[in-house]
Amino acid sequence: MEYQRPSASAQPEAAPGASAGALMIDVRGLCKVFGERQVLHDIDFSVKRGECVAVIGPSGSGKSTLIRCLNYLETPTSGTIWIDGKELHGQLSPAELSEVRRELGMVFYNFNLFPHMSVLANITLAPVQVRRASRAQAEQTARELLEKVGLKDKADAYPSQLSGGQKQRVAIARALAMNPKALLFDEPTSALDPELVGEVLKVMRGLAEEGRTMVVVTHEMGFARSVADRVVFLDQGRIVEQGDPEEVFRLSPRGRSWPACAPAIWPAWPPRSTTSSTHLYLAHRQCRRDFSRRGAEKVGQP
């Protein structure tokens, strides 16, 4: 397959909002079992070309397992996954699986940069080794992408010389260098100090505005609400709610907003209904933000 160098401002070949026949990712009946524990239960999940989907939910609800199943970093126990019309299954040869994976850029929460390689080398490695791009071509693309993520002057630096936010922006540039058809983000800000989160979210917001296909596992509720085209709420391995962000983020079942903060003590889990699980989770995230910004002594009770 001939390598196509992505422009720093390149957009996907298909426009967002396409019909159901233009699905980039389609998952049906996905289940995943680890030992005696079932982590995912009959997941039906799809992403259109150009759509940004945020996957939210409490820790341990199966969000990361879901996104890792999409490119077979975790092998599903059952169910079907289609990526751009190509079915993934356990009978694919390593070469066939690699061909599908190269179309999915993955950004991990812990960066996964090679510490002994410069930033430039980290970004050019996959295009040269997998896409068979020339080194000069790959380096030109890498420098354009570094400028795009605000790290133009860091090409010769090593990961140990970068902040967490800078490392994650390099990881995003590395994923973009492969010119993927979709980007998968597995809690890309969870390992960052609060003051570094904004610089990463700014880059991700720009990618969404370009119309790139994105699946983002996140606890950043502001990003999910303002950037995502659709929000999927996972609880105990099941999709219990999904839809337009404004609908999902209505914290009160009666259409009224919750107070600025939920109780500091996380309520007993699971709640009595899937609807309340969404509301409690979102209120809990708001509570954490309020504690972080104003201090526990200033947070009122609902």
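This text follows the structure it describes.
Heads up: these notes are all about the structure in this document. (Residues numbered from 1 in each chain as written. Predicted model: local features only at pLDDT ≥ 70, side-chain atom pairs only at ≥ 80, totals over all residues. Heavy atoms only, no water.)

### Quick look at the overall build of the protein chain
Move 1: Helix and strand counts for the protein chain come out as 9 helices and 10 strands.
Move 2: With an accessible surface of roughly 14,400 Å², the protein chain has 47% of that area assigned to carbon and sulfur atoms. (Helix = DSSP H or I, 4+ residues; strand = E, 2+ residues; numbered from the N terminus. Areas by Shrake-Rupley, 256 points an atom, 1.4 Å probe, with all protein chains shown as cover.)

### Details of the pairing of strand β10 (residues 238-243)
Move 1: Looking at chain direction, strand β9 (residues 230-235) and β10 are connected through 5 bridges and run antiparallel. Its bridge partner being in β10, Val-232 is matched across the sheet by Gln-242.
Move 2: Linking two consecutive strands that pair antiparallel, namely β9 and β10, is a turn of 2 residues; a positive phi of about 55° is found at Gln-236 within it. (Pairing = 2+ DSSP bridges.)

### Section: the sheet that holds β9
Move 1: A sheet is described by the order of its strands in space; here 6 strands give the open sequence β6-β7-β8-β3-β9-β10, paired in mixed fashion. The sheet is open, and its two borders are formed by β6 (104-107) and β10, each paired with just one other strand. Across the sheet, the mean angle from the axis of one strand to that of its neighbour is 15°, orientation sign disregarded.
Move 2: Looking at chain direction, strand β3 (residues 52-56) and β9 are connected through 4 bridges and run parallel. Opposite Val-55, over in β9, you have Val-232 as the bridge partner.
Move 3: Its contacts with the sheet place helix α1 (residues 63-70) against β3, β6, β7 (182-186), β8 (214-217) and β9, and it is angled at close to 150° to β7.
Move 4: Most of the contacts of helix α6 (residues 194-210) go to β8, to which it runs at about 150°, and overall it touches β3, β7 and β8. (Axes fitted to C-alpha atoms, helices over the stretch in contact; angles between N-to-C directions. Contact = heavy atoms within 4.5 Å.)

### Overview of the packing of helix α5 (residues 164-177) against α6
Move 1: Interaxial distance between α5 and α6 falls to 8 Å at its minimum, and their mutual angle equals 20°. Looking at the two axes, α5 sits roughly parallel to α6. Taken as a pair, α5 and α6 cross one another with a handedness that is right-handed. Every residue of α6 that contacts α5 at Gly-164, Gly-165, Gln-166, Gln-168, Arg-169, Ile-172 and Leu-176 is listed here: Leu-196, Glu-199, Val-200, Val-203, Met-204 and Leu-207.
Move 2: Considering only residue class, the contact of α5 with α6 consists of 7 nonpolar, 4 polar and 2 charged. (Parallel < 35°, antiparallel > 145°, perpendicular 65-115°, else oblique. Left-handed = near helix turned anticlockwise from the far one by under 90°. Nonpolar A, V, L, I, M, F, W, Y, C, P; charged D, E, K, R; others polar.)

### Focus: the nonpolar core
Move 1: Judged by nonpolar contacts, the single largest core of 46 residues is most densely connected at Ile-123, Ile-172, Phe-185, Met-204, Met-214 and Val-231.
Move 2: Of the residues forming this core, the biggest block, 8 residues, is contributed by α6.
Move 3: For Phe-185, the residues in contact, after removing those within four places along its chain, are Ile-67, Val-107, Ile-172, Met-204, Leu-207, Met-214, Val-215, Val-216 and Val-217.
Move 4: Grouped together as the second largest cluster of nonpolar side chains are 31 residues, Ile-25, Val-27, Leu-184 and Val-217 included. (Core = buried A, V, L, I, M, F, W, Y, C linked by side-chain atoms within 4.5 Å. Buried < 20%, exposed > 50% of the residue type's maximum accessible area, 1.4 Å probe, protein only.)

### A word on the pattern of salt bridges
Move 1: Across all of its chains, the model carries 10 salt bridges by this definition.
Move 2: Between Arg-212 and Glu-210 there is a salt bridge whose closest N-O contact spans 3.0 Å. With respect to class, Arg-212 is no different from Glu-210; both count as buried.
Move 3: Close ionic contact of Arg-225 with Glu-246 constitutes a salt bridge, the shortest N to O distance being 3.1 Å. (Salt bridge = Lys/Arg side-chain N within 4 Å of Asp/Glu carboxyl O.)

### Topic: the sheet that holds strand β5 (residues 86-88)
Move 1: Pairing is antiparallel across the open sheet formed by 4 strands, whose spatial order is β2-β1-β4-β5. At either margin of the open sheet sits one strand with a lone partner, and together these are β2 (37-48) and β5. If you compare each strand with its neighbour and ignore which way they point, the axes differ by 20° on average.

### Thoughts on the pairing of β8
Move 1: Going residue by residue along β8, you find Met-214 and Val-216 tucked away on one face and Val-215 and Val-217 tucked away on the opposite face as well.
Move 2: As defined by bridge partners, β3 adjoins β8 across 4 bridges and the pair is classed as parallel. The residue of β8 that forms the bridge with Val-55 is Val-217.
Move 3: Pairing of β7 with β8 involves 4 bridges; the strand directions are parallel. Across the sheet, Phe-185 pairs through a bridge with Val-216, a residue of β8.

### What about the environment of Val-55?
Move 1: Structurally, Val-55 is set in strand β3.
Move 2: The sequence separation of Val-55 and Leu-66 amounts to 11 residues, and the corresponding C-alpha distance is 9.4 Å.
Move 3: Non-local contacts of Val-55, meaning those with residues more than four positions away in its chain, are made with Phe-45, Lys-63, Val-215, Val-216, Val-217, Thr-218 and Val-232.

### Description of the environment of Arg-230
Move 1: Tracing the backbone through its elements, the reader meets Arg-230 in strand β9.
Move 2: A C-alpha to C-alpha distance of 9.0 Å links Arg-230 and Val-248, two positions 18 residues apart in sequence.
Move 3: Not counting chain neighbours up to four residues away, the residues in contact with Arg-230 comprise Ser-46, Val-47, Glu-51, Cys-52, Val-53, Ala-54, Gln-242, Gly-243 and Pro-245.

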